[in-house]
Amino acid sequence: AAELCGSFGFSVHGRGGPQTGLAGERCLLLRQERIQLLLRSGLTAAHPAARYVSRHGDGAAVIALRTDDVEAAFAEAVAGGAAPIAGPSFSTQDGTTVGTTTVRGFGDVAHRFIQRSGPADEFAPGVVEMVTPRPATAASTLEAIDHVAVCLSPGELASTVRLYQEAFGLSEIFDERIELGGQAMTSKVVQDAAAEVTFTLIEPDRSHAPGQIDEFLESHGGPGVQHVAFRTSGIIDAVRGLSARGVEFLTAPAGYYRALES
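Residues numbered from 1 in each chain as written. Predicted model: local features only at pLDDT ≥ 70, side-chain atom pairs only at ≥ 80, totals over all residues. Heavy atoms only, no water.

J.: A description of the overall build of the protein chain should follow, citing residues and the corresponding values.
T.: A count of helical and extended segments in the protein chain gives seven helices and 13 strands. Against the globule reference of 18 Å for 262 residues, the protein chain gives a C-alpha radius of gyration of 19 Å, in line with a compact fold. For the C-alpha atoms alone, the extent of the protein chain along its principal axes is close to 55 × 45 × 40 Å. With an accessible surface of roughly 14,600 Å², the protein chain has 52% of that area assigned to carbon and sulfur atoms. Separation between the mean location of the 20 positive side-chain charges and that of the 31 negative ones in the protein chain comes to 5 Å. (Helix = DSSP H or I, 4+ residues; strand = E, 2+ residues; numbered from the N terminus. Rg over C-alpha atoms; globule rule 2.2 N^0.38 Å. Areas by Shrake-Rupley, 256 points an atom, 1.4 Å probe, with all protein chains shown as cover. Lys, Arg positive; Asp, Glu negative; His and termini not counted. Charge placed at Lys NZ, Arg CZ, Asp CG, Glu CD.)

J.: Kindly report on a negative patch on the surface, identifying the contributing residues and their values.
T.: Among the surface-exposed residues, D68, D69, E71 and E76 lie close enough to one another that they form a single negatively charged patch. Within the fold, E71 resides in helix α3 (residues 70-79). By relative accessible area, E71 is classed as partly exposed at 46%. (Patch = residues over 30% accessible without salt bridge, like charges linked within 9 Å, V, L, I, M, F, W, Y side chains within 5 Å. Salt bridge = Lys/Arg side-chain N within 4 Å of Asp/Glu carboxyl O. Buried < 20%, exposed > 50% of the residue type's maximum accessible area, 1.4 Å probe, protein only.)

J.: I'd like a description of the pattern of salt bridges, backed by residues and values.
T.: The full count for this structure, using the stated rule, is ten salt bridges. Across the salt bridge formed by R40 and E25, the nearest N and O atoms sit 2.7 Å from each other. A residue pair is termed long-range when its members are at least 10 positions apart, and R40 in strand β3 (residues 35-42) and E25 in strand β2 (residues 25-32) qualify at 15 residues. Assessed through its relative accessible area of 35%, R40 is described here as partly exposed. R34 is the partner of E196 in a salt bridge, and the nearest nitrogen-oxygen pair spans 2.8 Å. Of this pair, E196 sits in the loop between β11 (183-191) and β12 (198-204) while R34 sits in the loop between β2 and β3, placing them 162 residues apart in sequence. Its relative accessible area of 55% is what places R34 among the exposed residues.

J.: Before we move on, can you summarise the pairing of strand β5 (residues 84-93) with the specific residues and values?
T.: Bridging between β5 and strand β6 (residues 96-104) involves seven bridges; their strand directions are antiparallel. Its bridge partner being in β6, P84 is matched across the sheet by V103. (Pairing = 2+ DSSP bridges.)

J.: How would you sum up the sheet that holds β5? Please name residues and give values.
T.: Taken together, the four strands give an open sheet; going across it, the order is β4-β7-β6-β5, and neighbouring strands pair in mixed fashion. Each of the sheet's edge strands pairs with one partner strand only, and the pair in question is β4 (62-66) and β5. Averaged over all adjacent pairs, the angle separating strand axes in this sheet is 20°, with direction ignored. Lying over the sheet, α3 contacts β5, β6 and β7 (110-117), oriented at roughly 175° with respect to β5. (Axes fitted to C-alpha atoms, helices over the stretch in contact; angles between N-to-C directions. Contact = heavy atoms within 4.5 Å.)

J.: Just give me the short version of the pairing of strand β10 (residues 171-180), but keep the residues and values in it.
T.: Direction of pairing for β10 relative to β11: antiparallel, over a ladder of nine bridges. Looking at the pairing, E176 lines up with S187 of β11. Remark: two residues form the turn of the hairpin made by β10 and β11, two consecutive strands paired antiparallel; G181 in that turn has positive phi of roughly 60°.

J.: Can you lay out the nonpolar core for me, pointing to particular residues and giving the numbers?
T.: If you look at the biggest cluster of nonpolar residues, it comprises 26 residues, and the most contacted ones within it are I63, F106, F113, Y164, F168, F199 and L201. Elements that contribute at least two residues to this core include exactly β4, α3, β9 (144-151), α4 (157-166) and β12. Each residue touching L201, except ones within four places of it in the same chain, is listed here: V150, L152, L157, T160, V161, Y164, T186, S187, K188 and V190. By size, the runner-up hydrophobic cluster in this structure holds ten residues, among which are C5, F10, L30 and I35. (Core = buried A, V, L, I, M, F, W, Y, C linked by side-chain atoms within 4.5 Å.)

J.: Can you lay out empty space enclosed by the protein for me, pointing to particular residues and giving the numbers?
T.: Under the defined criterion, the tally for this structure stands at one cavity of 30 Å³ or more. Its volume calculated, the largest cavity comes out at about 40 Å³. In this structure, the largest cavity is lined by Q183, A184, M185, P204, A209, P210, G211, Q212, I213 and D214. Of all the secondary-structure elements, those providing two or more residues to the lining of the largest cavity are β11 and α5 (212-220). Among the residues forming the lining of the largest cavity, the class breakdown is six nonpolar, three polar and one charged. (1 Å grid on protein atoms, 1.4 Å probe; cavity = no way out; pocket = protein on both sides within 12 Å on 5 of 7 lines; lining within 4 Å. Points joined across faces, edges and corners; volume = space filled by probe spheres on them. Nonpolar A, V, L, I, M, F, W, Y, C, P; charged D, E, K, R; others polar.)

Purely geometric numbers; function is a separate question.
The following block contains the structure:
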């Protein structure tokens, strides 16, 4: 949380734990513009967050998707082949009602449907206590989550694309096969009609030399979120500001951007 706030410009907007009725874990809600991140840490080895970290290390275990009707979304997802984890439940506080339900996505990553109504700013009534954020140390440069990149085991790409089409109503908008230096991977992108939810799904080609996707799958212990991409309206200023606050960026080969032009 300290790094995300101090370097990336997020602020703490909520806290949860045993003192708020959240058994077995502590959590912090971070926000920046339209981005919400919930950091969770299990207090016992049996807690789902602790089990996830034990298997995979720190990572993204749940991806939340906003909907107008969690009950309908849950029914449609399950009918489309998504495995149910938790049925619909609702809580209300300070004029806000929040409904949630959870289904399995890929690997050990789940999708949580969220339905919100009312004027108040509650995130999870009765679970996360909202707090007044400290003034940001720098201007916001990150606006929204642009997409989530997912590494899949060989042979899982087609079935995962089909799951997102049939269970979540997304459409395939792009596919690409990349061969570079004896390595190869296949990528497909699925997206909702409003272009607000985008997943880049990638699987390695094991008939070629191992590459970065193979390395991720080995170190992570199976499929998972390789990166979360943040959208910004000014990438040059964003990179300059983030770098000044200590964020390290990967360097591209000298001819990378020239190659994109062709």
